[in-house]
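Listed here are the chains, written in short residue letters.
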Amino acid sequence: MASLARRNLFHDKVRFAVTLTGIVFSVVLTSIQLGLFIGFTTATSNIIDNSRADLWVTSKELTHIENGLPFSERKLYQVLATPGVESAQKQIIQFGSWKRSNGAVESITLVGFNLDGVMGGPWNIISGSIQNLKTADAIIIDELYRDKLGVTHLGQTVEIGGYRARVVGFTRNIRTFTTAPPVFSSFKNAQNYGGLREDQTVYILVKARAGVDIKELKKELISRLRDVDVYTTAEFSRKQKFYWMFGTGAGFTVLIAALLGFLVGVVVVAQTLYAATVDHIREYGTLKAMGASNGYLYRVIIKQATISGLIGYAVGMAISLIPIYISQRGTTAIILPWQMGFGLLVLTLLMCIGASLVSINKVTQIDPAMVFKG
Amino acid sequence: MQTAISVQNLTKIYSSGEAAVLAIDGVNLNVNSGEVVLLMGPSGSGKTTLLSIMGCILRPTSGSVRICNREVTGLSEKELPKVRLDHIGFVFQAFNLFPTLTAGENVELALDLKGISSKESRRLATGLIEQVGLKDKYNVFPSNLSGGQKQRVAIARALAGNPDIILADEPTAALDSHSGLSVMKMLHNLAHKGGRAVVIVSHDNRTLEFADRIVNIEDGKILKEHIPSIARMRKGTLPKRTEIANTIVG
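Residues numbered from 1 in each chain as written. Chains lettered and ligands numbered in written order. Predicted model: local features only at pLDDT ≥ 70, side-chain atom pairs only at ≥ 80, totals over all residues. Heavy atoms only, no water.

Trainee: Let's hear about the overall build of chain A: which residues, and what values?
Mentor: When helices and strands are tallied, chain A shows 13 helices and 12 strands. For 374 residues, the compact-globule estimate of 2.2 N^0.38 gives 21 Å, and the C-alpha radius of gyration of chain A, at 29 Å, exceeds that figure by more than 25%. Split into buried and exposed, the 374 residues of chain A put 52% on the buried side. A fraction of 80% describes how many contacts in chain A between residues 6 or more apart in sequence connect residues 24 or more apart. (Helix = DSSP H or I, 4+ residues; strand = E, 2+ residues; numbered from the N terminus. Rg over C-alpha atoms; globule rule 2.2 N^0.38 Å. Buried < 20%, exposed > 50% of the residue type's maximum accessible area, 1.4 Å probe, protein only. Contact = heavy atoms within 4.5 Å.)

Now the structure itself:
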């Protein structure tokens, strides 16, 4: 038999269109905002997550990675002397200033690393190589920021912190959360660009020996080193994400927008489902008089909500995929993993079923005797 | 004949704040299988309230209601729908068909309520729609049916699941004379050929000729209960309309 829920739902096409619009709006807004949140979160800790280091030695009370204070490189030797350490290397990550050929100045995130090490360098290199960075003024930037930095070709020379720099390679999709694009160079170059003394570093990246407990090694390093903090890569990544997402309020803004999208969906679906229920109230009363249990009526309403949710989700996700796809070519990526997509489906269905509770309450109160009233 | 419905010492009081209205006042009534009982009376006399109580839709304030020999007054709100589903079919003045379902699907829905499979529902509904003479209207939506056709679909729906009792509230009120006659014949046959107890609430004098018993209600009480002369004359077949009319007039 044709489903009563389906027929009731599709019977009034205008109302169904309004319901769908509400759900689609909700799905698009929620998915884009959540995707932005994940995109931003990923971008904040990109460099940490791809460092291949096990532990990070940082200046004391660091709030975020771009804000590290320099300390003496002598600590590197203390780290190397610690049992369980496979290798360690100096690293610079800090804001710098990039002067475009037209004189405009842009902020950048300087990333200076040991070219002979295995940690802290660029990834996804699509042009040039790390070996190209061995020349005195060489840098690698991400192609996403070519326009922003005014780079038109490989070999172009620019100015960083008053020093000459030459673009020798490009990476792909290495984004930063801030407006400061990442610029990779040798540690030595970065010292110059960042104005550090020769005996200073900003971070020490540590690789543990195979089989060594990272947390035990962290404790050991803390006991040996003074005036610095030690984090596992996962801890440091979380700290960085938390600072930018919640410390600055940026994440709250995005999440609140997602929540608003969700709430708008709930309200629209609840309102339209309720209006549909009221329109069909006599039919529900007839069903009750005929002997339908409340459970049967609930199923009809929940089925309507579920069908609306499924169609709204499908349309909403199809629309969302367009900006998600386009964003992959931009500096702000919207990332929506399939798990999140599935979670959003569950959320959409819960939203629709939750919204149907108002209607369920209405049919629960129907007096079947109403069918005898004219 | 078996007693399908039995109400004893029935009262119903509607309370609204401090005001109370006695809608049914000590009514005793038995309706047998195979019998058409007509409840008549002026508006507000309590006939629809009595029908609602007999249909297990409304609870009496006091008294006993037995449906197919089962006392139902003490049943819970969860048990009463099952009694309606198992024993009672309803026919309403305004038809109360589902506008988004076709004629056949309206009948299928009633079978679906009983948990009958979709395939079997379709088969049974086809038979019922044929039975009410609407074979070619199975896939037609109610909006495209005449009043008489709608009421016949409603009767087919009421018959879904083979109930023991049919309760009809003003089934001819919204119909022209020809359709009204057709519907009444059908209800009459459901009692006389189908062995069902049929209770009809009506103001319509056209329904008188089909009643085996007429119960006049006023102010919540049974004022008069009588067997019309037509019924006494009837010998298993319907009399000609002219004869009936003469009898009524006479």
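Trainee: So what's going on with the interface of chain B and chain A? Residues and values would help.
Mentor: Bring the parts together and some accessible area is lost; that lost area is often taken as the interface size. The interface is formed by 28 residues belonging to chain B together with 22 residues belonging to chain A. Interface area, chain B with chain A, both sides summed: about 2300 Å², of which 67% is carbon and sulfur. It is B:Phe98, B:Thr100 and B:Leu113 in chain B that bury the most area against chain A; as a group they hold 25% of the surface buried on that side. There are one salt bridge connecting chain B and chain A. For the salt bridge of B:Glu105 with A:Arg7, the shortest nitrogen-to-oxygen distance reads 2.6 Å. Remark: the boundary between chain B and chain A carries eight residue pairs in polar contact (both at pLDDT 80 or more). (Buried area = accessible area lost by both parts, 1.4 Å probe. Salt bridge = Lys/Arg side-chain N within 4 Å of Asp/Glu carboxyl O. Polar contact = N/O pair within 3.5 Å; in protein donor to acceptor, adjacent residues only side chain to side chain.)

Trainee: Lay out the sheet that holds strand 4 (residues 62–67) of chain B with the relevant residues and their values.
Mentor: Residues and elements named next belong to chain B. Strand order in the open sheet formed by four strands is 2-1-4-5, with antiparallel pairing between adjacent strands. Strands at the two margins of the open sheet, each flanked by one partner only, are strand 2 (19–32) and strand 5 (70–71). By the bridge criterion, two bridges tie strand 4 to strand 5 in an arrangement that is antiparallel. Paired with Arg66 across the bridge in strand 5 is Glu71. (Pairing = 2+ DSSP bridges.)

Trainee: Help me get a handle on a nonpolar patch on the surface, residues and values and all.
Mentor: Residue and element names in this part refer to chain A. On the surface, Phe252, Ile256, Leu259, Leu260 and Leu263 cluster together into a nonpolar patch covering about 490 Å² of accessible area. Along the chain, the position of Phe252 falls in helix 9 (residues 250–279). Overall, the relative accessible area of 45% leaves Phe252 in the partly exposed class. (Patch = residues over 30% accessible without salt bridge, like charges linked within 9 Å, V, L, I, M, F, W, Y side chains within 5 Å. Areas by Shrake-Rupley, 256 points an atom, 1.4 Å probe, with all protein chains shown as cover.)

Trainee: Which residues make up the environment of A:Trp244, and what values do they have?
Mentor: All names here are of chain A. Within the fold, Trp244 resides in helix 8 (residues 233–247). Sequence separation between Trp244 and Gln365 is 121 residues, and the spatial gap between their C-alpha atoms is 50 Å. The residues touching Trp244, leaving out its near neighbours within four places in the chain, are Thr44, His64, Glu66, Phe177, Thr178, Ala250 and Gly251.

Trainee: Mind laying out helix 7 (residues 214–224) of chain A, listing which residues take part and the relevant values?
Mentor: Residue and element names in this part refer to chain A. All of the buried residues along helix 7 are Leu217, Lys218 and Leu221. Down the axis of helix 7, the buried set is contained in an arc of 105 degrees. They therefore lie on one face. Residues Lys215, Lys219 and Ser223 are exposed on helix 7 and point more than 90 degrees away from its buried face. One side-chain oxygen at the N-terminal end of helix 7 lies 2.9 Å from the backbone nitrogen of Lys215; it belongs to Asp213. (Arc of directions from axis to C-beta.)

Trainee: Any chance you could break down the state of the cysteines for me, citing the residues and the numbers?
Mentor: In this structure the tally under the stated criterion is zero disulfides over all chains. Sulfur of B:Cys56: no disulfide; nearest cysteine sulfur belongs to B:Cys68 and is 9.6 Å away. (Disulfide = S-S within 2.5 Å.)

Trainee: Describe the packing of aromatic side chains, with residues and values.
Mentor: With the rule as written, the count across this model stands at 14 aromatic pairs over all chains. Seen in terms of ring centroids, A:Trp56 and A:Phe236 are 5.0 Å apart; in terms of plane orientation they differ by 45 degrees. Their pairing is tilted. Of this pair, A:Trp56 sits in strand 1 (residues 55–59) while A:Phe236 sits in helix 8, and the two are 180 residues apart along the sequence. Look at B:Phe90 and B:Phe92: their rings are 5.9 Å apart centre to centre, the planes differ by 5 degrees, and that puts the pair in the stacked class. Among the residues examined, B:Phe90 registers a relative accessible area of 3% and is labelled buried. (Phe/Tyr/Trp six-rings, centres within 6.5 Å; stacked < 30°, edge-to-face > 60°.)

Trainee: Residue-level account of the pairing of strand 9 (residues 182–186) of chain A, with values.
Mentor: Residue and element names in this part refer to chain A. Burial of strand 9 is extensive: five of the five residues sit out of reach of the surface. Bridge count for strand 4 (residues 105–113) against strand 9 is five bridges, and the pairing is parallel. Opposite Gly112, over in strand 9, you have Ser185 as the bridge partner.

Trainee: If you had to explain the sheet that holds strand 6 (residues 88–91) of chain B to someone new, which residues and values would you point to?
Mentor: Residues and elements named next belong to chain B. With mixed pairing, six strands are arranged side by side in an open sheet as 6-7-8-3-9-10. Across the chains shown, the open sheet's two edge strands, defined by having one partner strand only, are strand 6 and strand 10 (221–226). On average, each strand axis in the sheet is tilted by 20 degrees relative to the strand beside it, whichever way the strands run. One ladder, built from four bridges, connects strand 3 (residues 36–40) with strand 9 (residues 213–218); its direction is parallel. Paired with Leu39 across the bridge in strand 9 is Val215. Helix 2 (residues 80–87) rests against strand 6 and strand 7 (165–169) of the sheet, and its axis sits at about 80 degrees to strand 6. (Axes fitted to C-alpha atoms, helices over the stretch in contact; angles between N-to-C directions.)

Trainee: With reference to specific residues and values, describe unusual backbone geometry.
Mentor: Glycine aside, a negative phi is what most residues show, and trans is what most peptide bonds show. Despite not being glycine, A:Glu61 shows a phi value in the positive range, around 55 degrees. Tracing the backbone through its elements, the reader meets A:Glu61 in the loop between strand 1 and strand 2 (71–72).

Trainee: I'd love a proper account of the packing of helix 2 (residues 13–44) of chain A against helix 8 of chain A, names of residues and values included.
Mentor: Residue and element names in this part refer to chain A. Running from N to C, helix 2 and helix 8 point in directions that differ by 135 degrees, and their axes come no closer than 8 Å. Taken together, helix 2 and helix 8 sit at an angle that is classed as oblique. Handedness of the helix 2/helix 8 crossing: right-handed. Along the contact surface, helix 2 presents Phe37, Phe40, Thr41 and Thr44, while helix 8 presents Gln240, Lys241, Trp244, Met245 and Phe246. (Parallel < 35°, antiparallel > 145°, perpendicular 65-115°, else oblique. Left-handed = near helix turned anticlockwise from the far one by under 90°.)

Trainee: I'd like a description of the packing of helix 11 (residues 294–327) of chain A against helix 12 (residues 338–355) of chain A, backed by residues and values.
Mentor: Residues and elements named next belong to chain A. One can describe the packing of helix 11 onto helix 12 by two numbers: an axis separation of 8 Å at closest approach and a directional angle of 145 degrees. Considering the relative orientation of helix 11 and helix 12, their crossing is right-handed. Contacts from Ile302, Ala305, Thr306, Gly309, Leu310, Tyr313 and Met317 of helix 11 reach helix 12 at Gly341, Phe342, Leu344, Leu345, Thr348, Leu349, Cys352 and Ile353. For the contact of helix 11 with helix 12, the class distribution of residues is 11 nonpolar, four polar and no charged. (Nonpolar A, V, L, I, M, F, W, Y, C, P; charged D, E, K, R; others polar.)

Trainee: How would you summarise the pattern of salt bridges if you had to cite specific residues and measurements?
Mentor: All names here are of chain A. Under the definition given, this model contains 26 salt bridges over all chains. A salt bridge links Glu216 to Lys219; the nearest nitrogen and oxygen atoms lie 3.7 Å apart. Note that Glu216 and Lys219 are positioned in helix 7 at a spacing of three residues, about one turn of the helix. With a relative accessible area of 45%, Glu216 lands in the partly exposed category.

Trainee: I'd love a proper account of the domain arrangement of chain A, names of residues and values included.
Mentor: Residue and element names in this part refer to chain A. The assigned domain composition of chain A is domain 1 (4–43 + 249–372) and domain 2 (61–226). Spacing between the C-alpha centres of domain 1 and domain 2 amounts to 47 Å. Across the contact, 10 residues belong to domain 1 and six residues belong to domain 2. Counting the contacts that link domain 1 with domain 2 gives zero salt bridges. (Domains from an automatic or database assignment.)

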